[in-house]
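This is what each chain is made of:
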Amino acid sequence: MGGRHIGSDLWAFNARSGLSEAPWHRFVRGETALIMLRTDTAFPHGIHLRGHDFHEVWDDGVLGHCRDATPVDRRASRDIPCVSDNPGKWLLHCHTLGHQASGMKTWVEVA
């Protein structure tokens with residue numbers, strides 16, 4: 001998230017700014033994935049995955065709260081295990097609306 005990237009806007013996920021035609025990732029319904037969120041910037045981000053709940057994984061490996069958004073501190077990372085149990089196309093974005101409007105959004109598909 002953020003940092004130098006080839007995205008066309010100020011913010012990006014995996015070097016891509018904004019919504020592309022293809023999803024960032026396609027999940028099979030029922031698949032469990034461990035998603036690592038990392039920010040390379042001097043700014044914290046609140047990352048929201050619509051349509052799904054997940055647990056945060058704390059630094060000591062313990063599962064934290066069940067939620068649909070999680071804070072990722074500046075220059076830090078957070079793992080989130082997520083069961084892809086809700087079919088559809090779902091937005092993954094920063095809750096800081098200026099970041100989202102400037103490219104920090106993508107989408108996933110569950111089929």
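Right above here is the structure, for reference.
These numbers come from a predicted model, not from an experiment.

Analysis parameters
- Residues numbered from 1 in each chain as written.
- Predicted model: local features only at pLDDT ≥ 70, side-chain atom pairs only at ≥ 80, totals over all residues.
- Heavy atoms only, no water.
- Pairing = 2+ DSSP bridges.
- Helix = DSSP H or I, 4+ residues; strand = E, 2+ residues; numbered from the N terminus.
- 1 Å grid on protein atoms, 1.4 Å probe; cavity = no way out; pocket = protein on both sides within 12 Å on 5 of 7 lines; lining within 4 Å.
- Points joined across faces, edges and corners; volume = space filled by probe spheres on them.
- Nonpolar A, V, L, I, M, F, W, Y, C, P; charged D, E, K, R; others polar.
- Phe/Tyr/Trp six-rings, centres within 6.5 Å; stacked < 30°, edge-to-face > 60°.
- Buried < 20%, exposed > 50% of the residue type's maximum accessible area, 1.4 Å probe, protein only.

### Overview of the pairing of strand 5 (residues 63-67)
Consideration 1: Summarising the sheet, strand 4 (residues 54-57) and strand 5 pair through three bridges and their orientation is antiparallel. Across the sheet, His55 pairs through a bridge with Cys66, a residue of strand 5.
Consideration 2: The hairpin turn running from strand 4 into strand 5, its antiparallel successor, is five residues long, and Gly61 in that turn takes a positive phi close to 90°.

### Remarks on the environment of Glu21
Consideration 1: Inspection of the secondary structure puts Glu21 in the segment before strand 1 (25-27).
Consideration 2: Separated by 86 residues in sequence, Glu21 and Trp107 have C-alpha atoms that sit 9.4 Å apart.

### Let's talk about empty space enclosed by the protein
Consideration 1: Tallied over the entire structure, the rule returns one cavity of 30 Å³ or more.
Consideration 2: If you add up the space inside the largest cavity, you get close to 60 Å³.
Consideration 3: Here the lining of the largest cavity is built from residues that sort into eight nonpolar, two polar and no charged.

### Notes on the packing of aromatic side chains
Consideration 1: Following the criterion strictly, the structure yields one aromatic pair and no others.
Consideration 2: A ring pair is formed by Trp11 and Phe43, whose centres lie 5.8 Å apart and whose planes are at 85°; its orientation type is edge-to-face. Of this pair, Trp11 sits in the segment before strand 1 while Phe43 sits in the loop between strand 2 (32-38) and strand 3 (45-49), and the two are 32 residues apart along the sequence.
Consideration 3: Note on Trp11: relative accessible area 7%, which makes it buried.

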